[in-house]
Amino acid sequence: MSKDELTTTHLKTIDLCPDCGSELHIRNGKQGAFLGCTRYPDCDYLRPLHEKSEIKKVLSGTSCPLCTKELVLKQGRYGLFIGCSDYPQCEHTAQLSETTNKDEEKEPEISCPSCKKGKLIKRQSRFGKTFYACDNYPSCKYAVNDKPVNEFCPDCHWPILVERKTAATLRIICPQKGCSYRGKPI
């Protein structure tokens, strides 16, 4: 049995290609499994293996600021977000604001030490890790992984310090690479 016969016998045939009539096989890519034509690269037809189950909950009483249609709650690549119900004609989207307790105090606004124009805001990476970055992105790409504190470094005079949890305690340290300032444990 040749290598080509071996690989084609192990692939599952799902459907026929609507473009050329050849068989569609399950393939794997960086986005996950999909159906692709067996005549690739001559025929480049592909489609998702599973249709995405998209969450669409209408948020009654809200309207899109661009087109005045209702807003809906949707599931996207990076989690839940709010979008216009008239998509793709209207492409308005907004981040889902986190609910905060009234007892919880609001974080103080700390100006960006790099550009001095923006403020450091709490963000989340696509993996769920919290970091603090300048809201003037993309013109300013300053970011720190630890919670910033609005105090000057006594050694290098950098405008902010950060709270870093070490093995046993919480310390205030300087985020600058050349500075070795480490405050006393809190």
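Residues numbered from 1 in each chain as written. Predicted model: local features only at pLDDT ≥ 70, side-chain atom pairs only at ≥ 80, totals over all residues. Heavy atoms only, no water.

Visitor: Even after reading the chapter, I still don't get the overall build of the protein, so can you show me in this structure?
Guide: Summing up its helical and strand segments, the protein has one helix and 15 strands in all. Residues classed as buried in the protein amount to 23% of the 186 residues present. Once local pairs closer than 6 in sequence are excluded, the contacts in the protein between residues at least 24 apart make up 15%. Of the roughly 14,500 Å² that the protein leaves accessible, carbon and sulfur atoms contribute 49%. (Helix = DSSP H or I, 4+ residues; strand = E, 2+ residues; numbered from the N terminus. Buried < 20%, exposed > 50% of the residue type's maximum accessible area, 1.4 Å probe, protein only. Contact = heavy atoms within 4.5 Å. Areas by Shrake-Rupley, 256 points an atom, 1.4 Å probe, with all protein chains shown as cover.)

Visitor: Help me out: how do you make sense of the pairing of strand β3 (residues 32–37) in this one?
Guide: One face of the sheet, then the other: side chains in a regular strand alternate in exactly this way. Where strand β2 (residues 23–29) and β3 come together, six bridges link them in antiparallel fashion. Bridge pairing in β3 links G29 to G32. The pairing of β3 with strand β4 (residues 46–48) spans three bridges and is classified as antiparallel. Across the sheet, the residue bridging to F34 is P48, located in β4. (Pairing = 2+ DSSP bridges.)

Visitor: Would you take a moment to explain the nonpolar core for this structure?
Guide: Soluble globular proteins tend to bury their nonpolar side chains together. Of all hydrophobic cores here, the largest spans 18 residues; its most connected members are C112, L120, Y142, C153, W158, I160 and C174. For L120, the contacting residues outside a window of four places in its chain are I110, S111, C112, P113, A133, C134, Y142, P148 and I160. Formed by six residues, the second largest nonpolar core is a distinct cluster that contains C64, L71, L73 and I82. (Core = buried A, V, L, I, M, F, W, Y, C linked by side-chain atoms within 4.5 Å.)

Visitor: Which parts of the structure should I look at to understand the confidence of the model for the protein?
Guide: Atom-level detail of predicted coordinates should not be read off regions where pLDDT is low. Confidence along the protein averages 79 in pLDDT terms, with 80% of residues attaining 70 or more. Counting contacts from residues 1–11, a segment whose pLDDT is below 50, to residues more than four positions away or on other chains yields four contacts. The low-confidence segment residues 98–104 (pLDDT under 50) makes zero contacts with residues lying over four places distant or belonging to another chain. (pLDDT = per-residue confidence, 0-100.)

Visitor: For this particular structure, what's the right way to read the sheet that holds strand β14 (residues 161–165)?
Guide: The strands making up a sheet are joined through hydrogen bonds of the backbone, oriented either antiparallel or parallel. Overall, antiparallel pairing links the three strands, which are arranged β13-β14-β15 in an open sheet. With one partner strand each, in any of the chains shown, β13 (147–149) and β15 (170–173) form the two edges of the open sheet. Across the sheet, the mean angle from the axis of one strand to that of its neighbour is 35°, orientation sign disregarded. Pairing between β13 and β14: three bridges, direction antiparallel. Within the sheet, the bridge partner assigned to V149 lies in β14 and is L161. (Axes fitted to C-alpha atoms, helices over the stretch in contact; angles between N-to-C directions.)

Visitor: Whenever I open this one, the state of the cysteines confuses me. Can you help?
Guide: Simply put, the disulfide is a covalent bond whose two ends are the sulfur atoms of two cysteines. Taken as a whole and assessed by the stated rule, the structure comprises zero disulfides. Of the cysteine sulfurs around C134, a residue in no disulfide, the closest is that of C115, at 3.7 Å. A residue is classified by how much of its surface remains accessible, and C134, at 1% relative accessible area, is buried. (Disulfide = S-S within 2.5 Å.)

Visitor: How should the side chain of H92 be read in this particular structure?
Guide: With respect to the element layout, H92 can be found in the loop between β7 (79–84) and β8 (93–95). Apart from residues lying up to four places away in sequence, H92 is in contact with C64, P65, L66, L71, I82, G83 and C84.

Visitor: How do you make sense of the packing of aromatic side chains when you look at a structure like this?
Guide: A ring pair, where both rings are aromatic, is described by two values, the distance of the centres and the angle of the planes. Across all of its chains, the model carries one aromatic pair by this definition. Consider the rings of Y142 and W158, whose centres lie 6.2 Å apart with planes at 45°: the pair is tilted. Taken together, the residues Y142 in the loop between β11 (130–134) and β12 (143–144) and W158 in the loop between β13 and β14 connect sequence positions 16 residues apart. Owing to a relative accessible area of 15%, Y142 belongs among the buried residues under this scheme. Taking relative accessible area as the criterion, W158 reaches 18% and is therefore assigned buried. (Phe/Tyr/Trp six-rings, centres within 6.5 Å; stacked < 30°, edge-to-face > 60°.)

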